[in-house]
Amino acid sequence: NPSTFVSGGRPAAMWVCVLGLFYTFIAQPLLAWGALIGKVPVPPTIDMSMLMELLFGMLGLAGLRSYDKRNGVASK
């Protein structure tokens, strides 16, 4: 949909999940390693519980919509 109001929320929330997962599993460990070498404070970690709830909820909704499309249920 060309309207940001209609199609912007889900992609924005998914990008938040992607950035959070990137930070948690790639950036933060590398920054922590560099902090130990440079003798500076280690960067904080992210509480993954809310991020995973958002991610699993979105993936579940996407799966439900795929099921509806396969069975011919029209969107409104």
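Residues numbered from 1 in each chain as written. Predicted model: local features only at pLDDT ≥ 70, side-chain atom pairs only at ≥ 80, totals over all residues. Heavy atoms only, no water.

**Describing the overall build of the chain**
Then step 1. The secondary structure content of the chain amounts to 3 helices and 0 strands.
Then step 2. For the chain, the N- to C-terminal ordering of α and β elements is α-α-α.
Then step 3. When each of the 76 residues of the chain is scored for burial, the buried share is 17%.
Then step 4. Intrachain contacts of the chain at a sequence separation of at least 6 include 46% that bridge at least 24 residues.
Then step 5. Within the structure as shown, the chain displays about 6100 Å² of accessible surface, and the carbon and sulfur contribution to it stands at 72%. (Helix = DSSP H or I, 4+ residues; strand = E, 2+ residues; numbered from the N terminus. Buried < 20%, exposed > 50% of the residue type's maximum accessible area, 1.4 Å probe, protein only. Contact = heavy atoms within 4.5 Å. Areas by Shrake-Rupley, 256 points an atom, 1.4 Å probe, with all protein chains shown as cover.)

**Re helix α2 (residues 9-38)**
Then step 1. Approximately 45° is the largest bend angle found in α2, and it occurs at Tyr 23.
Then step 2. What α2 keeps buried is the set Ala 13, Cys 17, Gly 20, Thr 24, Ala 27, Gln 28, Ala 32 and Ala 35.
Then step 3. One or two steps after α2, the chain reaches Lys 39, where phi turns positive at roughly 55°. (Bend = angle between axes of the 7 residues up to and from the residue.)

**A closer look at the confidence of the model for the chain**
Then step 1. In this model, the chain carries a mean pLDDT of 83, and residues with pLDDT of at least 70 account for 87%.
Then step 2. Ranking the elements of the chain by mean pLDDT puts helix α1 (residues 4-7) last with 62 and α2 first with 90. (pLDDT = per-residue confidence, 0-100.)

**Observations regarding unusual backbone geometry**
Then step 1. Of note, Lys 39 is a non-glycine position whose phi angle comes to about 55°, a positive value.
Then step 2. Its place among the elements puts Lys 39 in the loop between α2 and α3 (48-70).
Then step 3. A residue is classified by how much of its surface remains accessible, and Lys 39, at 76% relative accessible area, is exposed.

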